[in-house]
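Below are the chains, spelled out letter by letter.
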Amino acid sequence: MYLCILGLPLMGFIGAAGFGRFLGGRGAGVLTTSLLALTFFFSCIVFYEVGICGSSCTLSVSPWFLSESWDATWGLLFDPLTGTMCVVVTSVSTLVHLYSTSYMGEDPHLPRFMSYLSLFTFFMLILITGDNFLQMFVGWEGVGLASYLLINFWYTRLQANKSAIKAMMMNRVGDFGLGLGIFALYTIFGSVNFESVFACAPHLSDEKIVFFGTEFHAYTLIGILLFVGATGKSAQIGLHTWLPDAMEGPTPVSALIHAATMVTAGVFLIARCSPLYEYAPDALGVIALAGGMTAFFAATTGLVQNDLKRVIAYSTCSQLGYMVFACGLSHYDLGVFHLANHAFFKALLFLGAGSVIHAMAGEQDMRRLGGLGQALPFTNTMMLLGSLALVGFPFLSGFYSKDALLEVSYAHFTLSGDFTFILGCGAAFCTSYYSFRLVSLTFLGEPKGPKKAYEGIHEAPFQMAIPLVILGIGSLFSGFLGKELMVGLGTPFWQNAIVNLPTHNTGLEAEYIDQSIKHLPFVLTCIGGFLGLFINSPYLSPTVYKMKLTALGLNLYTFLNRRWLFDKVYNDYIGAPALNFGYNVSFKSIDKGVLEILGPFGITQGIRDLVNQIHKLQSGLIYHYAFVMLLGLTFLLTLLSLENLIQVWVDPRLWFVFGLAFMSYFLAGEKTTDEEKVLG
Amino acid sequence: MFYLFESDFLGLIPETFLLLGLSTLLGYGVWYEKGRESEMTSHQLWVGGLCLAFTFILLCESPLMNMILCFNTLIIDGMSAYLKALILLSTLCIFGLSFSYLQQERIKAFEYVILLLLATLSLMLMVSSYDFISLYLAIEFQSLGLYVLAALKRDNEYSTEAGLKYFVLGAFSSGFYLFGASLIYGLTGTTNFEDLGILFTGVGPTDLFTQGSVVVGLLFLSVAFLFKISAAPFHMWSPDVYEGAPTVITAFFSVAPKLALFGVLIRVFYLGFFDFLFSWQQIFFFCSLASMVFGSFGALAQVKIKRLLAFSSIGHVGYMLIGLATGSLQGLQGIFLYLLIYLVMTINAFSVVLSLRTHEGEPRFLLDLKNLNLKSPILALTFSLTLFSMAGIPPLAGFLSKFYLFFAALDASLYSLAILGVLSSVISCFYYISIIKLMYFHKAEEVQLKPLVGIDGQKGFLLGITFFGILFIFLYPSPFFLLSHAAALSIS
């Protein structure tokens, strides 16, 4: 059964990819969806066995690299963390599969799409079930690959190509960090197995490591390097630019990969490495600061985006920031809990957005939507529900995790705690604003789109409605049901999967903070929500538009709408010089220049000339032959009798230089003849 | 004197049998030639082949494994047995190729067979030589036979030119040999290899004068031998002679003398002058390098098939000299293995070339190979695999031998030789593959196809068996490893 969790999605992938043309779109859809449903069923059992009954287990599948002390194997580790992730991944994945069969129903490449989705699920499961860093890395790269393939699913669209490449590039930076982190881990621990590494973690916490000629505290360095990996995958500030662009992919992909599962891999990584991070407070500080900044930055950017999916993408980015800073404050359990809740409501939001886009024949600009509430009451309900859960409306799922997050950060009483609390509250306000702005612009107000789009409007079909309903239920209750289990004070649920030093845990303090502070996020949320609804309502929008035209307003709007100009800076200061270097230096000067002349071109030319020379030696005259023999004899005689003098010259390096000189000589000769030809 | 008859002739039974057999054939030819010239060569070939086969059996079944005979002038040991067997096999293969060739070229001289047998006998004696004098006699014996064979087609100006060039330059190199040998005799007072070896044991850099003089003698000797195996820079004669001589004789030239001369080289330098390793290592190092380079670069410029094969054989000699330069058992084993595989590949290549005959005559230019694939797919496939094997592409026999030699070179710390060997084999790949391109990748309408003359049974058999060898030696090489190891062990 444990193996089936990995095997069934892989089977789905192979079936849909290899036999897609026989199965047809519908067949592939049924196959993959049913296999995924089965996987989900198994995951629930695993969650029950491992999480609730508390029997973690590992499976050793097969050896992989066995080289002296290097002992990476293919193994599966099922502990509560994995169990939770499994349930989240497979449930969302199953629903997205089901949703896609309808959403993508008219696409001729449906089998390919379904196979990619299954492939993604498979790799995601590899990532979360791996029992060593190396296997996790395989999953990590695999989901990156699947993400690339899915963003680029409509590969004839230039924008999709660009986004896919951007996602790949940005993730490479992160993967580089992750790779270095794993190397550093191996240097310190001599193993990449989770068990060995984490068991040794408390005992090696004073180790030092030399990196770039400087000595660092090993855990801090490892922690930061791993966090660089997480930054890439979880779109934290700095490497986040790919995530909004990834919305070029089909909407179910955005829901599955770029909201619910893959982007949370970074959070999972940090939670998984909690035994290490607990001994690297500096790394935790960095993580908390980065997470807080991401949460705030993404939320502010989301305020003024006009694309329906882009707003939700920035919201995802911001929520990821929340999760990361929770981990940075040593509350990995809260991070994971928020991850699970977020998966439901964000998938709901995306699928709802997909439903809108589907209904409006591909229109996703919010300025051309509006008034859809009456036309699409079901979708409207679901989107509203998702938004409420997102902003943390009391007793919906977001409330339990997000408010708890802010509380513990306030109760942390450190620099990073206060920093994240302030930014988190700001982000909560912005979240609320843009969520209700979205609702207001899309569903309320008057229709602003072309008449044609509104004529063809239709409510989501059955296969699309079912996932929405289920995710809606999830968004309603997952927080309430999971709170005590996962983040209740002193819960035994996590066993050893998440290590939290008693000194770092502020769960208790959080219960005793000031009541006003506890209510602050809610108040901010309410204000933000009202603002969001009213500013964007038709009655106030002319006034707002005037405000936007003032110098300050315009600057602020441009700054936020242009996403804090991150892309501009990257393109101008990194992208352009890199491209310039790549074309002018490495391509033109080195590859086509030096290497071409000394390499293929030079060798062919040089050899041709050499051959002609040798050919001329073969004159056919007997006295020439005898003369050459004598010459050879004389040469050998010299070689032997003046051995001591000559020995200096018999040096491979000199031969090499001689060879180069020889070749350049021939090339120079060749060039002059060419010039002569030109002149002649 | 009486000892001579007691056991020495026992050791010489194969050679004696061959000599008697060829004398009988000579008598038969002289007395019965008149009136049946056309059948005579065929008869002679059959009987001569039988003679060779019996000699081969006598050689293999000889009870005497190690022996020094005829007053310390000849020796029988593992190496001589191995090389003699290969020489006999190669001559047998040449006989097999000759049946149709002699008919097609209208060579009605039965002396052809006699001369080949005499050359074989001399090569066998060469391998067994244990003394400068006996070696010289054997070399001259062999050379005289080969000069005549090269000029066999008296009415062909290429052939006579080849014979003459070979003769003049061969005499030149014999002079070198005699000068070197007399220098050494003058310095040491002995001509026997083993005596020399014992005399030089432990000669270090103490006695500089003697050492220097011996080295000069050594150099002259080695130049003579290197000329005979056509190693660069003493190779200039070989493309001309190979081109001019009748094709079967070219095949014989490119195999049999090399087998014997490598035996001689090993005998002289490993037995007599091993203590001068660091001096003669340089000679062979340089010649090996030069041969590989000239072999591969020279071949690039060729447009004639036989000249190309001549340059290819110069390249192969270069690779074998690597083994000689190592001065180790492994290197010797590598040479012996290489010789065997070289024999197989060369016989195969020449069989293919001889099979390419059309009604208009023998093909001479590489362009005649154009679109061979359409004329005869099987021949094209065979030839391309042989060329791949010569180039040293992995699953074929040629790879095995080269690989072994390069490893020996690496073990002996001759890194530059190994690396340059690999590089030059890359270049040689180029011209081998360009032939394959000629055979396969041309538009059908570019040349009009002339039908090939049918292949006779003997040639077909040779083609098949050598092709089989090239393909499958790699799968089960251990018997050949063992054989070459046994041959190498007798020297150490």
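For the structure itself, consult the block above.
Residues numbered from 1 in each chain as written. Chains lettered and ligands numbered in written order. Predicted model: local features only at pLDDT ≥ 70, side-chain atom pairs only at ≥ 80, totals over all residues. Heavy atoms only, no water.

**A short note on the overall build of chain B**
When you go through chain B residue by residue, the secondary structure sums to 20 helices and two strands. When each of the 492 residues of chain B is scored for burial, the buried share is 62%. About 18400 Å² of surface is accessible on chain B, with carbon and sulfur atoms providing 71% of the total. (Helix = DSSP H or I, 4+ residues; strand = E, 2+ residues; numbered from the N terminus. Buried < 20%, exposed > 50% of the residue type's maximum accessible area, 1.4 Å probe, protein only. Areas by Shrake-Rupley, 256 points an atom, 1.4 Å probe, with all protein chains shown as cover.)

**So, the packing of aromatic side chains**
Where two aromatic rings form a pair, the distance of their centres and the angle of their planes describe that pair. Counted by the stated rule, this structure contains 66 aromatic pairs over all chains. Their ring planes at 65° and their centres at 4.8 Å tell us that Phe 211 of chain A and Phe 212 of chain A sit as a pair that is edge-to-face. Both rings, one in Tyr 130 of chain B and one in Phe 193 of chain B, keep their centres 6.4 Å apart while their planes meet at 80°; by these two values the pair is edge-to-face. Residue Tyr 130 of chain B is found in the loop between α5 (111–128) and α6 (132–150), and its partner Phe 193 of chain B is found in helix α8 (residues 193–200); the two are separated by 63 residues along the sequence. In this pair, the class of Tyr 130 of chain B matches that of Phe 193 of chain B, namely buried. By the ring-pair criterion, three or more aromatic residues cluster together here, those being Phe 200, Phe 269, Tyr 270, Phe 273, Phe 274, Phe 276, Trp 280 and Phe 284 of chain B. (Phe/Tyr/Trp six-rings, centres within 6.5 Å; stacked < 30°, edge-to-face > 60°.)

**As for the interface of chain A and chain B**
Between chain A and chain B, the contact holds 24 residues from the first and 39 residues from the second. Across the chain A to chain B interface the summed buried area is about 2700 Å²; carbon plus sulfur atoms make up 85%. Three residues, Gln 618, Met 629 and Leu 640 of chain A, lead the burial of chain A against chain B; their summed loss comes to 24% of the area buried on that side. Between the two partners, chain A and chain B, sit zero salt bridges. Here chain A is connected to chain B by one residue pair in polar contact (both at pLDDT 80 or more). Where the side of chain A that touches chain B is concerned, the elements lending two or more residues are α27 (600–617) and α28 (622–641) of chain A. Looking at the side of chain A that touches chain B, the element that brings in the most residues is α28 of chain A, giving 13 residues. Along the lines of polarity and charge, the residues of the side of chain A that touches chain B split into 18 nonpolar, five polar and one charged. (Contact = heavy atoms within 4.5 Å. Buried area = accessible area lost by both parts, 1.4 Å probe. Salt bridge = Lys/Arg side-chain N within 4 Å of Asp/Glu carboxyl O. Polar contact = N/O pair within 3.5 Å; in protein donor to acceptor, adjacent residues only side chain to side chain. Nonpolar A, V, L, I, M, F, W, Y, C, P; charged D, E, K, R; others polar.)

**Observations concerning the side chain of Thr 326 of chain B**
Residue and element names in this part refer to chain B. Among the secondary structure elements, Thr 326 is positioned in helix α13 (residues 305–326). With relative accessibility at 6%, the residue Thr 326 sits in the buried group. Contacts of Thr 326, omitting those with residues within four sequence positions, involve Tyr 270, Gln 281, Gly 331, Ala 408, Ala 409, Ala 412 and Leu 414.

**Quick word on the environment of Ala 326 of chain A**
All names here are of chain A. Topologically, Ala 326 is positioned in helix α14 (residues 308–328). For Ala 326, a relative accessible area of 0% corresponds to the buried category. Here Ala 326 is in contact with His 331, Tyr 332, Leu 334, Gly 335 and Leu 405, once residues within four sequence places are set aside.

**Quick notes on the pattern of salt bridges**
Summed over all chains, the structure comprises 20 salt bridges over all chains. Put simply, Lys 166 of chain A and Asp 245 of chain A hold a salt bridge, and the shortest N to O gap is 2.8 Å. Remark: Asp 245 of chain A occurs in helix α9 (residues 242–245) and Lys 166 of chain A occurs in helix α6 (residues 158–189); sequence separation between them is 79 residues. The partner of Lys 165 of chain B in a salt bridge is Glu 161 of chain B, with the nearest N and O atoms 2.6 Å apart. Remark: Glu 161 of chain B and Lys 165 of chain B occur in helix α7 (residues 157–188); sequence separation between them is four residues, near one turn of the helix. Residue Lys 165 of chain B is classed as buried on the basis of its relative accessible area of 5%. Each of Glu 161, Lys 165, Asp 240, Glu 243, Lys 304 and Arg 307 of chain B takes part in a single network of salt bridges with overlapping partners.

**Comments concerning empty space enclosed by the protein**
All names here are of chain B. In the structure shown here, the tally under the stated rule is four cavities of 30 Å³ or more. Its boundaries defined by the atoms lining it, the largest cavity holds a volume of some 60 Å³. Looking at the largest cavity, it is lined by 13 residues, and the ones nearest its centre are Gly 315, Tyr 319, Ser 428, Tyr 431 and Tyr 432. A breakdown of the residues in the lining of the largest cavity according to their chemical character gives five nonpolar, seven polar and one charged. (1 Å grid on protein atoms, 1.4 Å probe; cavity = no way out; pocket = protein on both sides within 12 Å on 5 of 7 lines; lining within 4 Å. Points joined across faces, edges and corners; volume = space filled by probe spheres on them.)

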